Amino acid sequence: MKRTNFLLGAVSGLAVVANSEHVFARALAQAPLPGLPGSEKRCLVLINLFGGNDGLNCVVPHGDDRYYRLRPGLAVDRNEVLAIDARVGLNPSMRSLKSLYDRQMVAIVQGVGYPNPDHSHFRSTEIWQTAAPDRYEHTGWIGRYFDDASLPKTNLFKGVSISKVLPEALVSARTDIPSIAGLGSYAMMADRDAAARDAFSRQAHDSTLPFASPYLAHVMAIEGDAQRSSEELPKLVSGYQAKAAYPATAIGRSLALAAQIVGSNLGTKVIYVEHGSFDTHVSQRKTQDQLLMQFSDAVAAFYDDLAAHGNDRRVLTVTFSEFGRRIEENGNRGTDHGEASPLFLIGGGVRGGLYGAMPDLAVTNMGNVRFSVDFRSVYATVLERWLGRPSAAVLNGEFSKLPVLA
Amino acid sequence: MAAQAKVDVGGILRPQGRLDLATALQPYPGTLGERAAAHLLRRAGFGGTPAEIARYGAMRAVDAAATLLAVPNANSIAPPEQAQVDGPLAQRETRESLAALQLWWLNRMLNSPAPLQEKMTLYFHGHFTSRATPRFPRITYNQNALFRRYATGNLRELTHEVSKDAAMLIFLDGASNVASHPNENYARELMELFTLGVDNYTEDDVRESARAWTGWRVVRKGDAVVFDEARHDAGRKTFLGRTGNFNGDDIVDIIFDQPQCARFFATSLLNWFVYNDPEPELIDAVARLMRAHRYELAPVLGVLLASNVFYSERSYRALVKSPVEFVVGTYKTLGLSEIGAMAIPSLAQMGQRLFFPPSVAGWPGGKNWLTSGTMIDRQNFLTRLLGSQTLRASSWLRQLPVAPKSAASVLAQIIVQNDVSPASRSELEAYLGGAGSAALPSLSAENYDERITGAVYLAMATPAYQLN
């Protein structure tokens, strides 16, 4: 009896030929997307630096005296900064990222934000995830990319969120994206009960249920997806051996799994990873520096691993955070919610360097950094120049593209 | 507007078939029987125990609705210990206090003698959304109590009250809306998400409403709300075609005079209780009823919950169970009397953290509840619950017949009201040690608990059990 029949046709009464080989063969042989040559093999890794990453202590404007005046207890000393030029440099905890920068693998876009910024974590996160600053969307920008690209439903891993809960960015109207906290927890616990599993597997595949429901087909499809994907994922990625030492941190584990998924060639287009919390209202230096170091070291290991498998040019990593923080420090050696902040694009396909405008600390939006690049420009660039898809429908408008990709 | 967004807004689906408008809101005839009674208790509450289903099954639809509406005096309900003035909610131990409050409410849903009151409280929580303010957990309880007080009360009055509620004033910035710097957040959401819907007002209406709402403040760590004349803009405003020196109360009254307001709530309540994406003519019929009763909910719910359309096959299992309905309903179905702390992280994984709606628009519901990730979390919640000692506390599972056929029959009846295919039923019998189960050892004293647990899991993994 095929193990994959468990639950699938099973109790759900779903008429499905639960043959995993067929399902996955189809998934892996998916047609290349129209658009850029080679884009069918590319993967986008999004890292959400949640909580509001303070941009000014991340990409430090060490050439600006105002920065030191406004942050007497918080500023990064000039002699500590990992200088990029005479005006800006990286936080000293990001040595690993600086080394990637020096190898032209990092684009830093400064001053990213959107008009009429919201200062609530909640709403601003939603705005970044749905790419809709002026209305409420039930789908995320990546979810709409999946809908628009009509990726085959049979590919259960076209997108993967390495998180407990599916982030709004990946919510799609038409397809199911798994959120996988880790290989260990993405499993049906009842699978361990052989008798229960076999009972499911012996059930006939009929659907003579004594009721109709508009959601019945959806429930059955999701039950099937859940069962198949949780059962298949560990097998599909089991052949991969990491060739880098990842730090023993949550982000290290997440990116190790991301490299494993990329290297296992499941047809995955987008992987979502979370890191934080950057909500540093109090004693910011200790918290933020540590988080930035964890991020920077994990990303460096990630690209070492990818490169060792020849995948470094296939993977573009893009960071984002719901907002930057207030320019002036508060009374608790921390900073309050702000507005625009820098983000990173990392990978072998990146044209390294500085983009956007350096924050002008003299001309502010009530004490906050004004935005010079709309975050939807970054999304449009990624959609069109990396994933090879038109962006206007997904982003509900045209946004200029940045020359950040080689 | 992106073309694809129109097709599948919010992932909600209308049932197949045609609405019979002429009879839709007339009372469903005859006594309910157990299938319809279970449907009623799932929708108007969080499911029923076998005894409750039997009791409601013997009633006529109008009497069943009246029974559910006979809410005891809200003041008789004891607040959670945590909400006492000197209790933990008054202090800044946020995580623990909010978890305790979540657990208190879940248990109230499970055990309340007035389940409809809790169901409407949950409805209002998702409708008039306010995210918990971690620093002041008690104001979250106060808002919850407000929703419970108005559960089947007057919508217009509730809207007046919630506009001046501390949690709402903080969440949607009403507390920082002052004459010198008007903040439009609440004024906009009041119309867009709470009462009228987009395209039923102008940007000028938002600005003028924001001016009218200036002056409200939250003081004493959220324990008091005051109106500060000095921060209020007392000038003339023009709002939805009327002009005067309006304040916030005037704004609510003008909104509730709009026929669209009744249609908006009618749509929302039909989505909550009957089926998703209801037909415009059904919405209009319920809206007329609502206006005739001057936005009193009890008589409207009395008609709706006894109606033909509510008991129609088109409505049956036509909604997706929310995680809260799934979790509370499971405890209820099993006859367990206390929801334990394990439910809190499970609910978060399934996508529903009480007091933390994902956005000011509330939980989108429908297809959005189910992804392969949340489906695994639902099944694993069942596995954990069934594997724990709580199973022994189930009132009816202990008395399950030993004969596999009878045991399977009881399980299918109680857990999914026989909404299983013949094949699934025989598989359940086989699993329990009946015919065709050559691979399984027969049921014995040693494997009894384990096997019953597995059979309950199988019945709860059916598609019907995901649907309401």
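Note that the structure is predicted; figures quoted are calculated from it, not measured. (Residues numbered from 1 in each chain as written. Chains lettered and ligands numbered in written order. Predicted model: local features only at pLDDT ≥ 70, side-chain atom pairs only at ≥ 80, totals over all residues. Heavy atoms only, no water.)

## Focus: the side chain of B:Glu325
Residue and element names in this part refer to chain B.
For step 1, the next point in the chain: The residue Glu325 is located in helix α18 (residues 323-334) in this model.
For step 2, the next point in the chain: Given a relative accessible area of 11%, Glu325 falls into the buried group.
For step 3, the next point in the chain: A distance of 2.9 Å separates the side chain of Glu325 from the backbone nitrogen of Ser322, its partner in a polar contact. (Helix = DSSP H or I, 4+ residues; strand = E, 2+ residues; numbered from the N terminus. Buried < 20%, exposed > 50% of the residue type's maximum accessible area, 1.4 Å probe, protein only. Polar contact = N/O pair within 3.5 Å; in protein donor to acceptor, adjacent residues only side chain to side chain.)

## Overview of the sheet that holds strand β3 (residues 82-83) of chain A
All names here are of chain A.
For step 1, the next point in the chain: Taken in spatial order, the three strands make up an open sheet running β2-β4-β3, and their pairing is antiparallel. Each of the sheet's edge strands pairs with one partner strand only, and the pair in question is β2 (59-60) and β3.
For step 2, the next point in the chain: For β2 and strand β4 (residues 89-90), the ladder comprises two bridges, and the chain directions are antiparallel. The residue of β4 that forms the bridge with Val59 is Leu90. (Pairing = 2+ DSSP bridges.)

## Digging into the interface of chain A and chain B
For step 1, the next point in the chain: Counting residues at the interface gives 56 residues for chain A, matched by 66 residues for chain B.
For step 2, the next point in the chain: Taking both sides of the interface into account, the surface hidden between chain A and chain B amounts to around 4,900 Å²; carbon and sulfur atoms contribute 64%.
For step 3, the next point in the chain: Contact with chain B buries area across many residues of chain A, yet A:Phe122, A:Tyr136 and A:Tyr215 alone supply 16% of it, more than any other trio.
For step 4, the next point in the chain: Viewed at the interface, chain B and chain A are joined by eight residue pairs in polar contact (both at pLDDT 80 or more).
For step 5, the next point in the chain: Counting only elements with at least two residues in the side of chain A that touches chain B, the list comes to α4 (121-130), α6 (194-201) and α7 (216-236) of chain A.
For step 6, the next point in the chain: Per-element tally for the side of chain A that touches chain B: the top contributor is α7(A), with ten residues.
For step 7, the next point in the chain: Partitioning the side of chain A that touches chain B into residue classes produces 33 nonpolar, eleven polar and twelve charged. (Contact = heavy atoms within 4.5 Å. Buried area = accessible area lost by both parts, 1.4 Å probe. Nonpolar A, V, L, I, M, F, W, Y, C, P; charged D, E, K, R; others polar.)

## As for the pairing of strand β5 (residues 106-113) of chain A
Residue and element names in this part refer to chain A.
For step 1, the next point in the chain: Among the eight residues of β5, eight are classified as buried, and the element is accordingly described as predominantly covered.
For step 2, the next point in the chain: For β5 and strand β9 (residues 341-346), the ladder comprises five bridges, and the chain directions are antiparallel. Directly across from Val106, in β9, lies its bridge partner Ile346.
For step 3, the next point in the chain: Relative to strand β10 (residues 353-356), β5 runs parallel, the two being bridged by four bridges. Counted as the bridge partner of Val109 is Tyr355 from β10.
For step 4, the next point in the chain: The pairing of β5 with strand β11 (residues 373-374) spans two bridges and is classified as parallel. By the bridge assignment for β11, Gly113 is matched with Asp374.

## So, the pairing of strand β1 (residues 216-219) of chain B
For step 1, the next point in the chain: Summarising the sheet, β1(B) and strand β2 (residues 224-227) of chain B pair through four bridges and their orientation is antiparallel. Looking at the pairing, B:Val219 lines up with B:Ala224 of β2(B).

## Quick look at the environment of B:Thr67
Residue and element names in this part refer to chain B.
For step 1, the next point in the chain: If you trace the backbone, Thr67 turns up in helix α5 (residues 61-69).
For step 2, the next point in the chain: Residues Thr67 and Leu116 lie 49 residues apart in sequence; the distance between their C-alpha atoms is 9.9 Å.
For step 3, the next point in the chain: For Thr67, the residues in contact, after removing those within four places along its chain, are Tyr56 and Met59.

## A word on the packing of aromatic side chains
For step 1, the next point in the chain: Scanning all chains against the criterion turns up 33 aromatic pairs over all chains.
For step 2, the next point in the chain: Consider the rings of A:Phe295 and A:Phe344, whose centres lie 6.0 Å apart with planes at 25°: the pair is stacked. With A:Phe295 in helix α9 (residues 284-308) and A:Phe344 in strand β9, this pair connects stretches of sequence that are 49 residues apart. When sorted by exposure, A:Phe295 lands in the same class as A:Phe344, which is buried.
For step 3, the next point in the chain: Ring geometry for B:Phe128 versus B:Phe194: centroids 5.3 Å apart, planes at 65°, classification edge-to-face. With a gap of 66 residues between them, B:Phe128 in the loop between α7 (115-127) and α8 (137-149) and B:Phe194 in helix α11 (residues 185-195) connect regions that are remote in the sequence.
For step 4, the next point in the chain: Site record: aromatic cluster; members linked through ring pairs are B:Tyr123, B:Phe124, B:Phe128, B:Phe147, B:Tyr186, B:Phe194, B:Trp213, B:Phe256, B:Phe264, B:Phe265, B:Trp272 and B:Tyr295.
For step 5, the next point in the chain: Of note, B:Lys321 hangs over the ring of B:Tyr465, and the distance from its end group to the ring centre comes to 3.6 Å. (Phe/Tyr/Trp six-rings, centres within 6.5 Å; stacked < 30°, edge-to-face > 60°. Lys NZ or Arg CZ within 6 Å of the ring centre and 35° of its normal.)

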